[in-house]
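Residue-level listing of the chains:
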Amino acid sequence: MSSEVAARRDAKKLVRSPSGLRMVPEHRGFGSPFGLEEPPWVPDKECPRCMQCDAKFDFITRKHHCRRCGKCFCDRCCSQKVPLRRMCFVDPVRQCAECALVSHKEAEFYDKQLKVLLSGATFLVTFGNSEKSETMVCRLSNNQRYLFLDGDSHHEIEIAHISTVQILTEGFPPGEKDFHTYTSLLGSQPASEGGNARATGMFLQYTVPGIAGVTQLKLMAVEDTNASRRPAAAWLAAMHKAAKLLYESRDQ
């Protein structure tokens, strides 16, 4: 990838929306796949009462719109100002209690798991049905749109083209399967984590523009330069969280 193309992918601009200031990609097509679009606000004339407590709006009881869901609430039901990074807001924005709770939970992904994905980890990578594997560092691109795999060769997988993620685990009770499908991004709702199971690898299925069918990729955790597999296990756990957010984005 040329430096010019990389710079164009990462370029951002500051825009003002009815909900507040947002730092968004300069080119819409380079937006993060984890992002959410701003919702349309419920028109004032369609919400004479708070959509949570049913309080009637008047000169004293003012109405406010939740920046995440777009519904109308009174100040008591929509008083929290919480960071909403999935919509690229610069400052914390007003949200209803339900949306604020979700945004608080997502903050952990941006504060912790996203940093792990950007840092990358070492895996033994197998493409398709090949019998050959290659030791590669897998990491998320800075604009969050690609998985970069670097070893003796370089590969890029666009996040938006990933259709299925399966996490390989160990630590299940005897007799249970040795893998657990955490989430099928375009299929069913993400499943819950499996007890004390420890992630050891991952299957990805994705499409490549211009190539018919689905391509498969297998990553198995290997020791890094410090003879530890912990970074790889942490990266897989972060990818599990990312897969959930991707599912939610596509279901929006």
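Calculation criteria
- Residues numbered from 1 in each chain as written.
- Predicted model: local features only at pLDDT ≥ 70, side-chain atom pairs only at ≥ 80, totals over all residues.
- Heavy atoms only, no water.
- Disulfide = S-S within 2.5 Å.
- Helix = DSSP H or I, 4+ residues; strand = E, 2+ residues; numbered from the N terminus.
- Buried < 20%, exposed > 50% of the residue type's maximum accessible area, 1.4 Å probe, protein only.
- Patch = residues over 30% accessible without salt bridge, like charges linked within 9 Å, V, L, I, M, F, W, Y side chains within 5 Å.
- Areas by Shrake-Rupley, 256 points an atom, 1.4 Å probe, with all protein chains shown as cover.
- Salt bridge = Lys/Arg side-chain N within 4 Å of Asp/Glu carboxyl O.
- Core = buried A, V, L, I, M, F, W, Y, C linked by side-chain atoms within 4.5 Å.
- pLDDT = per-residue confidence, 0-100.
- Contact = heavy atoms within 4.5 Å.
- Expected span 1.5 Å × (residues − 1).
- Bend = angle between axes of the 7 residues up to and from the residue.

Let's shift gears to the state of the cysteines. Covalently bonding the sulfur atom of one cysteine to the sulfur atom of another cysteine gives a disulfide. Overall, the coordinates contain 1 disulfide when judged by the stated rule. In this model Cys47 forms its disulfide with Cys72; the gap between the sulfur atoms is 2.3 Å. Of this pair, Cys47 sits in the loop between strand E2 (20–25) and strand E3 (63–65) while Cys72 sits in strand E4 (residues 72–74), placing them 25 residues apart in sequence. Note on Cys47: relative accessible area 2%, which makes it buried. You can see Cys50 has no disulfide; the closest cysteine sulfur is in Cys53, sitting 3.7 Å from it. You can call Cys50 buried: its relative accessible area is 3%. Note on Cys74: no disulfide assigned, nearest cysteine sulfur contributed by Cys77 at a separation of 3.7 Å. On the basis of relative accessibility, which here comes to 5%, the residue Cys74 falls in the buried class.

Before going further, it helps to spend a moment on a nonpolar patch on the surface. A grouping of Leu14, Met23 and Val90 is seen on the molecular surface, where their side chains present a nonpolar patch of about 260 Å² in accessible area. Relative to the helices and strands, Val90 resides in the loop between strand E5 (80–82) and strand E6 (93–95). In this structure Val90 comes out as partly exposed when scored by relative accessible area, which is 45%.

Of all hydrophobic cores here, the largest spans 34 residues; its most connected members are Phe123, Leu147, Ile162, Met202, Leu219 and Trp235. Where this core is concerned, the elements lending two or more residues are helix H2 (97–119), strand E7 (121–127), strand E8 (134–140), strand E9 (146–150), strand E11 (162–170), strand E13 (198–206), strand E14 (215–221) and helix H3 (230–250). Looking at this core element by element, the count peaks at 9 residues for H3. Ranked by size, the runner-up nonpolar core spans 12 residues in total, among them Val42, Phe57, Cys74 and Cys77.

We now examine the confidence of the model for the chain. Of the residues in the chain, 83% have a pLDDT of 70 or more, and the chain-wide mean is 83. Averaged pLDDT values for the elements of the chain fall to 39 in strand E12 (residues 179–183) and rise to 97 in E4. Contacts of residues 172–195 to residues separated by more than four positions or lying in other chains number 50 contacts, the stretch itself having pLDDT below 50.

Within the element layout of this structure, Thr207 appears in the loop between E13 and E14. A residue is classified by how much of its surface remains accessible, and Thr207, at 34% relative accessible area, is partly exposed. Between the alpha carbons of Thr207 and Ile162 there is a distance of 6.6 Å; along the sequence they are 45 residues apart. Discounting chain neighbours no more than four positions away, the residues touching Thr207 are His161, Gly213 and Val214.

For the rest of this paragraph, the subject is H2. With 23 residues, H2 should reach 33 Å at 1.5 Å per residue; the first-to-last C-alpha distance of 33 Å fits that figure. The largest bend in H2 amounts to roughly 40° and is located at Gln113. Cys99, Ala100, Ser103, Glu106, Phe109, Tyr110, Gln113, Leu114 and Leu117 are the residues of H2 that are buried. Taken from the residues just after H2, Gly120 is the one with a positive phi, measuring 85°.

For Cys88, which is not a glycine, the phi torsion comes out positive at approximately 65°. Inspection of the secondary structure puts Cys88 in the loop between E5 and E6. The phi torsion at Gln144 lies on the positive side, around 70°, for a residue other than glycine. Tracing the sequence through the fold places Gln144 in the loop between E8 and E9.

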